[in-house]
Amino acid sequence: RDVVRSIVLVDEEAIIASMRLVFERMKLVIEPSAGVSVAVAIGRGQTQLAPSLRRIGVILCGGNVDLDALPWTPKS
């Protein structure tokens, strides 16, 4: 807590949009928790990152995704 400068909030819509963006562009299925980081990196968070940031690293993970429950796929 002593080194945290701010907390960025991301709504579920931004998380899903980020997951879909990564899927469409990189052909990777990522977990919603990774979608949070992507959403923040592309500026979809409720608090914006400092404009002076030029490089951002995002760790993408996807081991716990149920492919039948992806939020943008049609439901049976």
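Structural notes, computed from the coordinates. (Residues numbered from 1 in each chain as written. Predicted model: local features only at pLDDT ≥ 70, side-chain atom pairs only at ≥ 80, totals over all residues. Heavy atoms only, no water.)

Along the chain, the position of S18 falls in helix α1 (residues 12-26). At a separation of 3.3 Å, a polar atom in the side chain of S18 contacts the main-chain amide nitrogen of A39. Setting aside its immediate chain neighbours within four residues, S18 contacts I30, G35, V38, A39 and I42. (Helix = DSSP H or I, 4+ residues; strand = E, 2+ residues; numbered from the N terminus. Polar contact = N/O pair within 3.5 Å; in protein donor to acceptor, adjacent residues only side chain to side chain. Contact = heavy atoms within 4.5 Å.)

A few words now on the environment of R44. As for its placement among the helices and strands, R44 is situated in the segment after α2 (32-41). Here R44 falls in the partly exposed class, since its relative accessible area comes to 35%. Linking R44 and L9, residues 35 residues apart in sequence, is a C-alpha distance of 9.2 Å. Residues in contact with R44, not counting those within four places in the same chain, are E13, A14, A17 and A39. (Buried < 20%, exposed > 50% of the residue type's maximum accessible area, 1.4 Å probe, protein only.)

Looking now at unusual backbone geometry. A positive phi angle, near 60°, is found at K27, a position not held by glycine. With respect to the helices and strands, the residue K27 is situated in the loop between α1 and α2.

Glancing now at α2. In an α-helix, one turn spans 3.6 residues, which is why side chains three or four residues apart end up on the same side. Those residues of α2 lying buried are A34, G35, V38, A39 and V40. The inward-facing, buried residues of α2 contact α1. Of the residues one or two after α2, G43 is the one with positive phi, at around 90°.

The next thing to look at is the packing of α1 against α2. Interhelical geometry of α1 versus α2 gives an angle of 90° and a closest axis separation of 8 Å. What the angle tells us is that α1 and α2 run roughly perpendicular. On α2, the residues touching A14, I15, S18, M19 and V22 of α1 are P32, G35, V36, V38 and A39. (Axes fitted to C-alpha atoms, helices over the stretch in contact; angles between N-to-C directions. Parallel < 35°, antiparallel > 145°, perpendicular 65-115°, else oblique.)

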